[in-house]
Amino acid sequence: MICENLSVNEKGHLCIGGRDTVELAEKYGTPLYVFDEDRIRARCRTYQAALHEAFGDKACALYAGKAASFRAMYRIMKDEGMGVDVVSSGEIYTALSAGFPLEKAYFHSNNKTDADIAYAMENGIGYFVVDNREELDAIEAIASEKGIRQKILLRLTPGIDPHTYAAVATGKVDSKFGSAIETGQAEEMTVYAQSLSALDLVGFHCHVGSQVFDSDVFLRAAAIMLNFAAKMKEKYGFVLRELDLGGGYGVRYLDSDPEIDIAENIRTVGAAVVAQCKALGLELPAVRMEPGRSIVADAALTLYTVGTVKRIPGYKNYVSVDGGMTDNPRYALYGSSYTVLLANRANDTGKTFRATVAGRCCESGDLLQENVELPNDTHRGDLLAVLTTGAYNYSMASNYNRIPRPPIVMLRDGEDRLAVRRESFADICRNDL
Ligand code: LLP
């Protein structure tokens, strides 16, 4: 199986975290997101332990909540001693209402409104990761008004192409995110930020992209950031206290995808950063990483009930399920690969047919996956599982066609509990006047 928390039991049912998915589907209905909390916690520990080993106790992993943001996640992050990366007032509200200590939150986004800035400050946000010069002015103005000295990092673009898909490559000079080192804007921002009295410039941030497997990308990014910090020290006496290397480690969606050894990777980056700091005469900064996908993606799967099976001779075969782009828009948006199987017949070794797995929306592009091999007799009522759906599925879900979002069930120590209720039709109309 693609992830070690998956197995097949004696009934031939797919299990996650040791629990039978057919039983979970019977109990909670479909579509259903199932998250294995033990796996999420294990991943947090892998990051924290590796970061501490590589960079010392000041280092900390920040969970990128954009991957999956709901209260239970922030409770887990608090418990595991993680920081968080938030990108909107809505994520801040969710974290706060789950009791997450906001001083460990880093506020991203390329366009924070004045209302966002004020809201974050009023609630004691730890850091703003500042994207651009207008934002420096806005944060300075609001912090001065409130009599706050606000800690900030500057988001810089190191000018690296991580060779992932275009929608998630963010470290290049041509990006809506950050200020480029190459164009001199990063330097201008550093000088300007230091001149602003309500801001405390603590360090720099970069994020090169998402679903990145090439560890060389992180090494190159770290090297460019440290060289820049050394230059800022030499020219302006700037002291780098924090260095945030962003998120982006890839996960396996298919058996053919490579597996990343996160701990080993961090060790390699750590050795390079420590050596380079020494060579440049920099004190080792407190290092942050911001994993999202690699914390949650393979901790979850989505269960659907098969409805229509349509064979169009000479063309394609469509297997339609009771969810689709509303709970997982990633195939429609990026053509993302997923592993798909029948959860109630996970051991079926009979004849297969090639199918397109379609959603229930009134839209041709509403597909979950194409060219999937499923048992030839796949029929209405079968339970279909899409694996590795923990990241950027629930968080990107919508109510298109007024379809309610599925619930989230969390599994911990073999016990299941509801973390997010299924939306009702009333929920969907809640704001309609
Ligand atoms: N830090 C920053 C500043 C980011 O922009 C991101 C992701 C992360 C951390 C977390 O990256 P991760 O470890 O999850 O790769 N919706 C797309 C992914 C967008 C990623 C946006 N930024 C998808 O479904 O593939």
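Refer to the structure above for everything that follows.
What you see is a predicted model, and the numbers here were worked out from it, not measured in a lab.

Asker: Could you give an account of the sheet that holds strand β3 (residues 19-20), with specific residues and numbers?
Answerer: Taken in spatial order, the three strands make up an open sheet running β1-β2-β3, and their pairing is antiparallel. The sheet is open, and its two borders are formed by β1 (6-8) and β3, each paired with just one other strand. Where strand β2 (residues 14-16) meets β3, two bridges bridge the pair, whose relative direction is antiparallel. The residue bridging Ile16 from the neighbouring strand is Arg19, located in β3.

Asker: Requested: an account of the pattern of salt bridges, with residues and values cited.
Answerer: Under the definition given, this model contains 30 salt bridges. The residue Arg39 makes a salt bridge to Glu4 at a minimum N-O spacing of 3.2 Å. On the criterion of sequence distance, the pair formed by Arg39 in helix α2 (residues 37-55) and Glu4 in the segment before β1 is long-range, its members being 35 residues apart. Relative accessible area serves as the criterion here: at 11%, Arg39 is assigned to the buried category. Between Glu187 and Lys235 there is a salt bridge, with the nearest N and O atoms lying 2.6 Å from each other. One end of the pair, Glu187, is in helix α7 (residues 185-195); the other, Lys235, is in helix α8 (residues 215-236), with 48 residues separating them in the sequence.

Asker: Can you tell me about the packing of aromatic side chains, naming the residues and giving the values?
Answerer: Summed over all chains, the structure comprises 11 aromatic pairs. Both rings, one in Tyr33 and one in Tyr394, keep their centres 5.9 Å apart while their planes meet at 85°; by these two values the pair is edge-to-face. Here Tyr33 is found in strand β4 (residues 32-36), whereas its partner Tyr394 is found in the loop between β19 (383-387) and β20 (408-412), with 361 residues between them in sequence. Looking at Tyr394, the relative accessible area reads 19%, which means it is buried.

Asker: If you had to explain the pairing of strand β13 (residues 286-289) to someone new, which residues and values would you point to?
Answerer: Side chains of β13 alternate between two faces, with Ala286 and Arg288 and Val287 and Met289 buried alike. As judged from the two bridges shared by strand β5 (residues 60-64) and β13, these two strands associate in the parallel manner. Residue pairing for β13: Ala61 is matched across the bridge by Met289. Two strands pair when backbone bridges link them, and strand β12 (residues 242-244) and β13 are joined in this way by three bridges, in the parallel orientation. Bridge pairing in β13 links Glu242 to Ala286. With helix α9 (residues 262-280) bridging β12 and its parallel neighbour β13, the resulting β-α-β unit is right-handed.

Asker: Kindly report on α8, identifying the contributing residues and their values.
Answerer: An ideal rise of 1.5 Å per residue puts 32 Å on 22 residues; α8 measures up with 32 Å between its terminal C-alpha atoms. Looking at α8, one finds that the buried residues are Val217, Phe218, Ala221, Ala222, Met225, Leu226, Phe228, Ala229, Ala230 and Met232. Among the structural elements, β9 (150-157), α7, β11 (199-205), β12 and α9 are those in contact with the buried residues of α8. Trailing α8 by a residue or two, Gly237 shows a phi angle of about 70°, which is positive.

Asker: Can you break down the environment of Ile312 residue by residue, with the values?
Answerer: Positionally, Ile312 belongs in the loop between β14 (300-311) and β15 (317-321). Take Ile312: its relative accessible area is 33%, and that puts it in the partly exposed class. When neighbours within four sequence positions are excluded, Ile312 is seen to be in contact with Asn317 and Tyr318.

Asker: Please provide a residue-by-residue account of the nonpolar core, values included.
Answerer: With 112 residues, the main nonpolar core has Ile40, Met77 and Leu384 as its most contacted residues. Ranked by residues supplied to this core, first place goes to α8 with 10 residues. Apart from residues no more than four positions distant in its own chain, Met77 is found in contact with Ile40, Cys44, Tyr63, Met82, Val84, Phe100 and Ile295. Counting residues in each nonpolar core, the second largest holds 21 residues, with Ile2, Ala25, Val34 and Leu387 among its members.

Asker: Any details on the environment of Ala198? Residues and values, ideally.
Answerer: Among the structural elements, Ala198 can be located in the loop between α7 and β11. Ala198 sits 49 residues away from Arg149 along the chain, and the two C-alpha atoms are 4.6 Å apart.

Asker: Outline the layout of surface pockets, listing residues and values.
Answerer: There is about 1000 Å³ of room inside the largest pocket. For the lining of the largest pocket, the secondary structure elements donating two or more residues are α3 (71-79), α4 (89-97), α10 (293-296), α11 (330-334) and β21 (415-420). In terms of residues, the lining of the largest pocket owes the most to one element, α4, which gives five residues. A breakdown of the residues in the lining of the largest pocket according to their chemical character gives 17 nonpolar, 16 polar and 11 charged. One number sums up the size of the second largest pocket: a volume of about 310 Å³. Considered class by class, the residues forming the lining of the second largest pocket number three nonpolar, one polar and six charged.

Asker: Give me the packing of α2 against α3: which residues, what numbers.
Answerer: Viewed as axis vectors pointing N to C, α2 and α3 meet at an angle of 40°, and their least axial separation amounts to 10 Å. Here α2 lies oblique to α3, going by the angle between them. Relative to α3, the crossing made by α2 is right-handed. In contact with Glu37, Ile40, Arg41 and Cys44 of α2, α3 contributes Met73, Ile76, Met77 and Asp79. Counted by class, the contact of α2 with α3 contains five nonpolar, no polar and three charged residues.

Rules of the game
- Residues numbered from 1 in each chain as written.
- Predicted model: local features only at pLDDT ≥ 70, side-chain atom pairs only at ≥ 80, totals over all residues.
- Heavy atoms only, no water.
- Pairing = 2+ DSSP bridges.
- Helix = DSSP H or I, 4+ residues; strand = E, 2+ residues; numbered from the N terminus.
- Salt bridge = Lys/Arg side-chain N within 4 Å of Asp/Glu carboxyl O.
- Buried < 20%, exposed > 50% of the residue type's maximum accessible area, 1.4 Å probe, protein only.
- Phe/Tyr/Trp six-rings, centres within 6.5 Å; stacked < 30°, edge-to-face > 60°.
- Right-handed = clockwise from strand over helix to strand, strands pointing away.
- Expected span 1.5 Å × (residues − 1).
- Contact = heavy atoms within 4.5 Å.
- Core = buried A, V, L, I, M, F, W, Y, C linked by side-chain atoms within 4.5 Å.
- 1 Å grid on protein atoms, 1.4 Å probe; cavity = no way out; pocket = protein on both sides within 12 Å on 5 of 7 lines; lining within 4 Å.
- Points joined across faces, edges and corners; volume = space filled by probe spheres on them.
- Nonpolar A, V, L, I, M, F, W, Y, C, P; charged D, E, K, R; others polar.
- Axes fitted to C-alpha atoms, helices over the stretch in contact; angles between N-to-C directions.
- Parallel < 35°, antiparallel > 145°, perpendicular 65-115°, else oblique.
- Left-handed = near helix turned anticlockwise from the far one by under 90°.

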